[in-house]
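Residue-level structural notes
Below are the chains, spelled out letter by letter.
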Amino acid sequence: MAVSIKDNEKALAGARCIIQNWIEAKENEVLHFITDENHIKEADIFELAAFECGVIPKITILSSDGVQSGEVIEKMKGTMYYSDVIIGATHYSFITTEAVEYALKKGSRFLSFPMHTNDNSSIFEREFIRMSPKVAKRMGRPLADRITKADRVVVKTKKGTNVAFGVTGRKAGIFAGSCTRRGRVASSSFEVYVPIVETMTNGVVIADGSLGYLGAIKNPIELVFENGYLVEINGKEDATRLKKYMESFGDKEIYCAAELGIGLNTKSKCEGICYIEDESTYKTFHIGFGRNIALGGNHEAKGHFDIVTHMPDIFVDDIMVMQEGEIIK
């Protein structure tokens, strides 16, 4: 379904924010905005904002079919890298595809900017994109550095989450909208992320935030992990929705816990409307399932999605670094 833009001026200001504050685009740089047929109006908005900012827009409109699996993206592998910046603005993220990795090696910058909203509103109009990338980086850097040096991260919540992740040899990074370095991936998600060791996640998560593309969690879901994989999904209607969604991939590797993320965006709200905003929300953490190749991991699958949970206590090698969602300084 096509997106509805309520306020063209607000949406235009949001697009300019992305170009000027996140990408920091220089005059006459080529910005390749890759989107799909659900977001043609936003492509028009982005094109206008690009001209206003003195950069050169290149717009590609894809069919929605095959984006989540990466099939249509892989066909563009040989052409994407000709642009200075690639903005992946399809309904579903394709940050973890091989085509992106190829373009990065050729020197392009890549901003993952999935446009999915569950109420068909425009992401350009949402407040979270006004968060300062520089502020988020300052918040997240100490956490990322600690996790990179650690072997183990444990997350607990008052609702019963108690799960351990292996991070030995894995480098934690920060996504904060910033897309300024050649050969690097940037994301509209504001988070500390780490591609966790794919066989070492064990424990229980009581998820109470959002189910990514599926929206808000109305009743908490119990997720049980053994040796890196999700082995049980227990709960009411939301648990059933999640089971059906994961089965739809037709790939057992989608059950692999492949990423741990910690939200850094204080302007975000986890409302189940925009998944990239949900997982960015300060005082939440999320587990990413499926592919993690572009994040620095080793796992391949037919997709990637995240489940968000509120108010974590986080321990890095037994040292508490976050208490009920607040970073301990």
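Notes on the structure in this doc start here. (Residues numbered from 1 in each chain as written. Predicted model: local features only at pLDDT ≥ 70, side-chain atom pairs only at ≥ 80, totals over all residues. Heavy atoms only, no water.)

**A word on the nonpolar core**
In this structure, Ile87, Phe113, Phe124, Leu223 and Phe305 are the most contacted members of the largest nonpolar core, which totals 83 residues. Aside from chain neighbours lying at most four places away, what touches Phe305 is Tyr213, Leu242, Tyr245, Met246, Phe249, Ile254, Ile287, Gly288 and Phe289. Core analysis: the next-biggest nonpolar cluster, separate from the first, contains 13 residues, Val100, Ala103, Phe175 and Tyr193 among them. (Core = buried A, V, L, I, M, F, W, Y, C linked by side-chain atoms within 4.5 Å. Buried < 20%, exposed > 50% of the residue type's maximum accessible area, 1.4 Å probe, protein only. Contact = heavy atoms within 4.5 Å.)

**Examining the layout of surface pockets**
Put simply, the largest pocket is a space of about 710 Å³. What lines the largest pocket is a set of 24 residues, among which Ile174, Phe175, Arg184, Val185 and Tyr193 lie closest to the centre. Listed by contribution, the elements that provide at least two residues to the lining of the largest pocket are helix 4 (98–105), helix 5 (133–148), strand 7 (173–176) and strand 8 (185–187). If one sorts the elements of the lining of the largest pocket by residue count, strand 7 sits on top with four residues. Here the residues of the lining of the largest pocket sort into twelve nonpolar, five polar and seven charged. Its volume calculated, the second largest pocket comes out at about 200 Å³. Around the second largest pocket sit Lys6, Lys10, Asp119, Ser121, Ser122, Glu125, Arg126, Glu127, Lys267, Lys269, Glu271 and Glu277, which together line it. Residue classes in the lining of the second largest pocket are distributed as no nonpolar, two polar and ten charged. (1 Å grid on protein atoms, 1.4 Å probe; cavity = no way out; pocket = protein on both sides within 12 Å on 5 of 7 lines; lining within 4 Å. Points joined across faces, edges and corners; volume = space filled by probe spheres on them. Helix = DSSP H or I, 4+ residues; strand = E, 2+ residues; numbered from the N terminus. Nonpolar A, V, L, I, M, F, W, Y, C, P; charged D, E, K, R; others polar.)

**Some thoughts on the pairing of strand 9 (residues 190–194)**
In summary, the side chains of a regular strand alternate between the two faces of the sheet. With respect to burial, strand 9 is a largely interior element, five of its five residues being buried. Neither face of strand 9 is exposed, since Phe190, Val192 and Val194 on one face and Glu191 and Tyr193 on the opposite face are all buried. With four bridges joining them, strand 7 and strand 9 adopt antiparallel strand pairing. Each bridged residue has a counterpart across the sheet, and for Ile174 the counterpart in strand 9 is Val192. Relative to strand 13 (residues 257–263), strand 9 is paired through four bridges, and the arrangement is antiparallel. Along strand 13, the bridge assignment pairs Tyr193 with Gly261. (Pairing = 2+ DSSP bridges.)

**Brief notes about unusual backbone geometry**
Even without a glycine there, the phi angle at Asn120 is positive, about 60°. By the element assignment, Asn120 lies in the loop between strand 4 (109–112) and helix 5. Non-glycine residue Asp318 carries a positive phi angle of around 75°. Take Asp318: it is sitting in the loop between strand 16 (313–316) and strand 17 (319–323).

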